[in-house]
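Listed here are the chains, written in short residue letters.
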There are 2 protein chains.
Amino acid sequence: MAAADLALASRALDAADPLSRFVERVRRPDQDLIYMDGNSLGAPSNVVLDAIGARADEWRRRLVGGWANWIELPATVGDRLGEVTLGAARGQVVISDSTTVNLYKLATAALDARPDRRAVVVDPGEFPSDRYVLDGLVERRGLERRASVDAETALLLRSHVDFRTGELRDMAGETAEAHAHGALTLWDTSHSVGVVDVRLDAACADLAVGCTYKYLGAGPGAPAFLYVRRDLADDLRNPIQGWFGQRDQFMMGPQYQPVDGVERFLTGTPNVLDLAAIEAAVGLVADAGIAAVRAKSVALTAHAVAAADSELAPLGFELATPREADRRGGHVALRHPDAWRVCRALLEHEAVVPDFREPDILRLGMPPLTTTFMDVSEAIVRTRRVVENGRHLGYDRERSRVT
Amino acid sequence: MAAADLALASRALDAADPLSRFVERVRRPDQDLIYMDGNSLGAPSNVVLDAIGARADEWRRRLVGGWANWIELPATVGDRLGEVTLGAARGQVVISDSTTVNLYKLATAALDARPDRRAVVVDPGEFPSDRYVLDGLVERRGLERRASVDAETALLLRSHVDFRTGELRDMAGETAEAHAHGALTLWDTSHSVGVVDVRLDAACADLAVGCTYKYLGAGPGAPAFLYVRRDLADDLRNPIQGWFGQRDQFMMGPQYQPVDGVERFLTGTPNVLDLAAIEAAVGLVADAGIAAVRAKSVALTAHAVAAADSELAPLGFELATPREADRRGGHVALRHPDAWRVCRALLEHEAVVPDFREPDILRLGMPPLTTTFMDVSEAIVRTRRVVENGRHLGYDRERSRVT
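Residues numbered from 1 in each chain as written. Chains lettered and ligands numbered in written order. Predicted model: local features only at pLDDT ≥ 70, side-chain atom pairs only at ≥ 80, totals over all residues. Heavy atoms only, no water.

(A) Representation of the sheet that holds strand E2 (residues 93-95) of chain A within the structure. All names here are of chain A. Taken together, 7 strands build an open sheet; the order of strands is E2-E8-E7-E6-E5-E3-E4 and the sheet is mixed. Strand pairing shows two members of the sheet lacking a second neighbour, E2 and strand E4 (144-146), which therefore form its edges. Geometrically, the sheet is characterised by an average inter-axis angle of 20° between neighbouring strands, direction not taken into account. Bridge count between strand E7 (residues 207-210) and strand E8 (residues 225-228): 4 bridges; the pairing is antiparallel. Bridging from a neighbouring strand, Ala 208 pairs with Tyr 227 of E8. Against the sheet, helix H8 (residues 171-180) makes contact with strand E5 (153-159) and strand E6 (184-188), and its axis sits at roughly 155° relative to E6, the strand it touches most. (Pairing = 2+ DSSP bridges. Helix = DSSP H or I, 4+ residues; strand = E, 2+ residues; numbered from the N terminus. Axes fitted to C-alpha atoms, helices over the stretch in contact; angles between N-to-C directions. Contact = heavy atoms within 4.5 Å.)

(B) Spatial organisation of the side chain of Lys 214 of chain A. Residue and element names in this part refer to chain A. With respect to the element layout, Lys 214 can be found in the loop between E7 and E8. As a buried residue without a salt bridge, Lys 214 has its nearest oppositely charged side chain in Asp 37, at a separation of 7.5 Å. Within polar-contact distance, the side chain of Lys 214 engages the backbone oxygen of Asn 39 at 3.1 Å. Discounting chain neighbours no more than four positions away, the residues touching Lys 214 are Gly 38, Asn 39, Ser 40, Gly 42, Ser 190 and His 191. (Buried < 20%, exposed > 50% of the residue type's maximum accessible area, 1.4 Å probe, protein only. Lys, Arg positive; Asp, Glu negative; His and termini not counted. Salt bridge = Lys/Arg side-chain N within 4 Å of Asp/Glu carboxyl O. Polar contact = N/O pair within 3.5 Å; in protein donor to acceptor, adjacent residues only side chain to side chain.)

(C) The arrangement of the packing of helix H1 (residues 3-16) of chain A against helix H13 (residues 373-388) of chain A in detail. All names here are of chain A. Here H1 crosses H13 at 160°, and the two axes come no closer than 8 Å. As summarised for this structure, H1 and H13 are arranged roughly antiparallel, according to the angle between their axes. The handedness of the crossing between H1 and H13 is right-handed. Contact residues: Ala 3, Leu 6, Ala 7, Ser 10, Arg 11, Leu 13 and Asp 14 in H1; Phe 373, Met 374, Ser 377, Val 381 and Arg 384 in H13. A per-class count over the contact of H1 with H13 returns 7 nonpolar, 2 polar and 3 charged. (Parallel < 35°, antiparallel > 145°, perpendicular 65-115°, else oblique. Left-handed = near helix turned anticlockwise from the far one by under 90°. Nonpolar A, V, L, I, M, F, W, Y, C, P; charged D, E, K, R; others polar.)

(D) Representation of the state of the cysteines within the structure. Residue and element names in this part refer to chain A. Counted according to the given criterion, the structure contains 0 disulfides over all chains. Just so you know, Cys 211 is unpaired, no disulfide at all, and the nearest cysteine sulfur is the one on Cys 343, 19 Å from it. According to the relative accessible area criterion, Cys 211 is buried, its value standing at 2%. (Disulfide = S-S within 2.5 Å.)

(E) Inspection of the interface of chain B and chain A at higher detail. Between chain B and chain A, the residue contacts involve 77 residues of the former and 76 residues of the latter. Counting each side, the surface lost to burial between chain B and chain A is near 6100 Å², with a carbon and sulfur contribution of 64%. When the buried surface of chain B facing chain A is broken down by residue, Trp 59, Tyr 132 and Met 252 of chain B rank first, second and third, together holding 14% of it. For the interface between chain B and chain A, the tally reads 4 salt bridges. On inspection of chain B and its partner chain A, the count reaches 31 residue pairs in polar contact (both at pLDDT 80 or more). (Buried area = accessible area lost by both parts, 1.4 Å probe.)

(F) Spatial organisation of the pattern of salt bridges. Using the criterion set out here, one finds 68 salt bridges over all chains in the structure. With a shortest N-O distance of 3.3 Å, Arg 169 of chain A and Asp 162 of chain A are connected by a salt bridge. We note that Arg 169 of chain A, like Asp 162 of chain A, is buried. Residue Glu 139 of chain B pairs with Arg 237 of chain A through a salt bridge whose shortest N-O separation is 3.6 Å. Of this pair, Glu 139 of chain B sits in helix H7 (residues 128-141) while Arg 237 of chain A is found in the loop between helix H9 (230-233) and helix H10 (272-288), placing the two residues in two different chains.

(G) View of the packing of aromatic side chains. Under the criterion given, the structure shown has 15 aromatic pairs over all chains. Judged by centre distance (5.7 Å) and plane angle (50°), the rings of Tyr 256 of chain A and Tyr 132 of chain B are tilted. Residue Tyr 256 of chain A is found in the loop between H9 and H10, and its partner Tyr 132 of chain B is found in helix H7; the two belong to separate chains. Residues Trp 243 of chain B and Phe 250 of chain B carry aromatic rings whose centres are separated by 5.8 Å and whose planes lie at 75° to one another, so their mutual orientation is edge-to-face. Trp 243 of chain B gets classed as buried once you look at its relative accessible area, which sits at 10%. (Phe/Tyr/Trp six-rings, centres within 6.5 Å; stacked < 30°, edge-to-face > 60°.)

(H) Seen up close, the side chain of Ser 98 of chain A. Residue and element names in this part refer to chain A. Inspection of the secondary structure assignment puts Ser 98 in the loop between E2 and helix H6 (99-113). Given the relative accessible area of 9%, Ser 98 is considered buried. A polar contact is formed between the side chain of Ser 98 and the backbone nitrogen of Val 101, at a distance of 3.2 Å.

(I) Region of the structure containing the pairing of E7 of chain A. Residue and element names in this part refer to chain A. Residues of E7 alternate between two faces, with Leu 207 and Val 209 on one and Ala 208 and Gly 210 on the opposite face, all of them buried. Pairing geometry for E6 and E7, over 3 bridges, is parallel. In the sheet register, Trp 187 faces E7, and the bridge partner there is Ala 208.

Worth remembering: the numbers are spatial, not functional.
Below, the structure is given as structure tokens:
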């Protein structure tokens, strides 16, 4: 496809986009910047920034009295997140801690629940923090890491969308297979929440975690969430026995007695300002509708794949992301031996913000509420320009650091 | 002392207060409100609210590029907090997670470091979340809880200031005694940080945790901190092996290899907005100087004790806080059989915000940067008025909840 045709096609797609109004509702820092790092840190929307300010003002006005409203937020915002983005009925999701800490709590609880099994399954390409957490538990308990689920498997830990390639896994199918062997499943939805129509209940997932700062855009380091299937919760135990999981918390009784349900996986005092950000971010997805968000996401990634085929394949780029729409998450990954240098050149000379993942992946995030089809094709066209002009060749990886 | 004399004395103390200028720098929600709940949730200062707004704007402007500045904040803000308020030299404090989660990490690490010892020491009156966390570890490992340190003790867990009575413990003395028995110490400084001149290094404390939302006023649910004595850190292991504690984090290598020093106790992605709040809050204490803050705190609590003696003792109130200044933290606790009802009446009729702690404690927090001597005496005088007028008798605890 010629560049002019690509631009024409992009314009037509943007004109037909039912979610185009949302791009306006996001406070773009610079209309000329093409921000495609949305799966590492989403851009803030107006409503999220306003919600943080309003909650800070509520703290100023209501002081400790604010807790009358805030104390239930980890559960109520969790319920809303579950309903709007995760396909989870009420009473199964809470906002709490970081993804890493939630993963630790749920993995520990799962291993405790399968004391006679000696293996866990986690892919060597799994997100580092997930692997490290699980490795710590494996070592401490003298378990083994295996490649596939069998009768010895206590737990399958799996990302719903692979953080490198963008591959979307078959949550229902893999969960069913794990269950057939009596194993529990723990899904990391960090790269699918807010962009893929996650269906935890329908997939019979046991446990899940995820972050709120990628596609949801709740801010750098905003708290994460966790999901525990309703019929499991009361049989599982949170290893971090904190007062926010305690029955009659303010009675401060002598013994730890966890509340019923998923709230037993709360630990310390929740972050109140960020709960406002998460609530606002979820509200934005609710307004758009997760089905429409996913539909636009599929269209954006399809557009990126087609543009990469015509513009970048001749320059040695290989698509790392599956071509089948139902196997793709919200980002597109391109392999190239010079991916790191191309990434630097795009950042410094082309006003495009992609990101780089070891060893050779150029990752293009495209959050549906903030990305236009023209953004996608422009990012691809500028990538071609960088490589054709050899602009990337001046970067020496040994002498720099990726930011 | 007559009420008029008390007011005169308060006015004189306020006139002589070298920190009176700080009261102006705190955005008081309502000049008529006497806010003495500062040890549950500190009031926001202008600089803290402004810092949150500025950091949110930095996210908007710099997007993922902001991480170049943010990635070191858990350590650099931790260092600053350590230097300004904790008596901790650099490289021993990080901002991370909640107090509860930090307590879990450090207690687990301490028990791992004393594998042959079967007991822990924690007071039954210790803060609930601290007890619950430790009880979970005790049960999981088949340990015992004992009343005092002996040769079997792996760990002494202790609050620097008791959350109920306000008693300030002898950190150096108790640590020395624990060390004489070969035990490690873990200090919860939640009720001393920002108001007491904590001297972790001088006391040879091994481990410490604390929150930032009481006297520091960094906001509801802002992240907590942890301290690991420098010569211990490399021998201790974080049970939650997260990617923020990993060497060469963004290389995302196959094995977890923790960094040297206290930063190995970081876990998941830190909360960037709240790090701005904490940094600003610490800056305010630095401006005032922790010695001056502590001096004013001692004067405020002495003023409260004297006023309570003259105004409230005749009405059946008993001082639960030690009379010796060097055994007092930053709040004053008064026991009264009707403490819960008095607390309600003060909140609803006297524009005083104290708080209540089971079973019979009226707790008066007095953060030195936001509290005047007149605030203190007015709170006491209004408490007398409530009880003299029987205003509290209309409240029925069974039909209400403490907010």
